[in-house]
Amino acid sequence: MTAPEPALADVVARLRRAMRRAARTADPENTLSVAQLELLSCLFENPGARPSRIAQLLKLAPNSVTTMVTGLRSRDLVTRTSGGDDRRTVALELTDTGRAAVERWQGHNAAILAAALDGVHPAWRHLIAAAVPALNELVGAIDALAESGQSH
């Protein structure tokens with residue numbers, strides 16, 4: 001039996017591409033890039049985070065985060081405030097519009113998966129549902145590798 005890693009890596013990559021294509025079809029009005037939506041989602045999960053922390057979490061260069069934040073601020077999706085006691089630091093927050101953009105994207109993704117799962121054989125649906133906890137653990141393990149600076 002061959003190792004499952006190459007097949008799993010391939011299916012994850014294809015699933016991400018399929019989800020991006022379907023999301024663009026489901027919401028053609030959305031002009032945000034996947035990178036911008038991922039930054040907004042990261043901020044949704046980490047309200048008040050500093051730009052350096054967002055860069056660390058997304059494994060992006062700090063100047064890339066700064067550039068994206070500037071663009072997102074101009075669209076009223078993100079605000080910058082002083083980081084509490086230390087006025088030299090900056091904290092990022094989603095605006096109501098930014099939060100709505102994340103919730104809309106998450107809603108489209110959930111609807112896409114629900115519609116797609118309707119077309120999957122019930123036995124496969126059951127296996128997919130049963131695999132969600134294991135996939136969450138896998139995500140945590142991959143995040144831990146990224147945090148530690150290891151990739152393999």
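Residues numbered from 1 in each chain as written. Predicted model: local features only at pLDDT ≥ 70, side-chain atom pairs only at ≥ 80, totals over all residues. Heavy atoms only, no water.

The protein has the name DNA-binding transcriptional regulator, MarR family in an unreviewed UniProt entry, where Amycolatopsis rubida is given as its organism.

Assigned secondary structure in the protein consists of 6 helices and 2 strands. Reading the protein from its N end, one meets helices and strands in the order α-α-α-α-β-β-α-α. Based on the C-alpha atoms only, the size of the protein along its principal axes is roughly 55 × 40 × 20 Å. When burial is assessed residue by residue, the protein has 22% of its 152 residues classed as buried. The contacts of the protein with a sequence gap of at least 6 include a subset with a gap of at least 24, amounting to 52%. Element-wise, carbon and sulfur atoms account for 59% of the exposed surface of the protein, whose accessible area totals about 10300 Å². The averaged location of the 16 negative side-chain charges in the protein is 5 Å from the averaged location of its 17 positive side-chain charges. (Helix = DSSP H or I, 4+ residues; strand = E, 2+ residues; numbered from the N terminus. Buried < 20%, exposed > 50% of the residue type's maximum accessible area, 1.4 Å probe, protein only. Contact = heavy atoms within 4.5 Å. Areas by Shrake-Rupley, 256 points an atom, 1.4 Å probe, with all protein chains shown as cover. Lys, Arg positive; Asp, Glu negative; His and termini not counted. Charge placed at Lys NZ, Arg CZ, Asp CG, Glu CD.)

Before going further, it helps to spend a moment on the side chain of Asn109. Turning to its location among the elements, Asn109 is positioned in helix H5 (residues 96-118). If we skip the residues at most four places from it in the chain, Asn109 touches Met19 and Ala23.

Another point: empty space enclosed by the protein. A full pass over the atoms with the stated rule returns 1 cavity of 30 Å³ or more. Estimated volume of the largest cavity: approximately 30 Å³. Lining the largest cavity are Ala23, Asp27, Asn30, Trp105 and His108. Considering only residue class, the lining of the largest cavity consists of 2 nonpolar, 2 polar and 1 charged. (1 Å grid on protein atoms, 1.4 Å probe; cavity = no way out; pocket = protein on both sides within 12 Å on 5 of 7 lines; lining within 4 Å. Points joined across faces, edges and corners; volume = space filled by probe spheres on them. Nonpolar A, V, L, I, M, F, W, Y, C, P; charged D, E, K, R; others polar.)

For Asn109, a relative accessible area of 18% gives the class buried. Asn109 sits 34 residues away from Asp143 along the chain, and the two C-alpha atoms are 21 Å apart.

One can describe the packing of helix H2 (residues 34-45) onto helix H4 (residues 62-74) by two numbers: an axis separation of 11 Å at closest approach and a directional angle of 90 degrees. Taken together, the axis directions place H2 and H4 in an arrangement best described as roughly perpendicular. For the pair H2 and H4, the contacting residues are Ala35, Gln36, Leu39 and Leu40 in the first and Val65, Met68, Val69 and Leu72 in the second. The class makeup of the residues in the contact of H2 with H4 is 7 nonpolar, 1 polar and no charged. (Axes fitted to C-alpha atoms, helices over the stretch in contact; angles between N-to-C directions. Parallel < 35°, antiparallel > 145°, perpendicular 65-115°, else oblique.)

In this structure the tally under the stated criterion is 5 salt bridges. Where Arg14 meets Asp10, a salt bridge forms, and the shortest distance between an N and an O atom there is 3.0 Å. Taken together, the residues span about one helical turn, with Arg14 and Asp10 both in helix H1 (residues 5-26) at a distance of 4 residues. Under the relative-accessibility criterion, Arg14 is labelled partly exposed at 45%. Note that Glu38 is salt-bridged to Arg16, the shortest N-O span being 3.6 Å. Residue Glu38 is found in helix H2, and its partner Arg16 is found in helix H1; the two are separated by 22 residues along the sequence. (Salt bridge = Lys/Arg side-chain N within 4 Å of Asp/Glu carboxyl O.)

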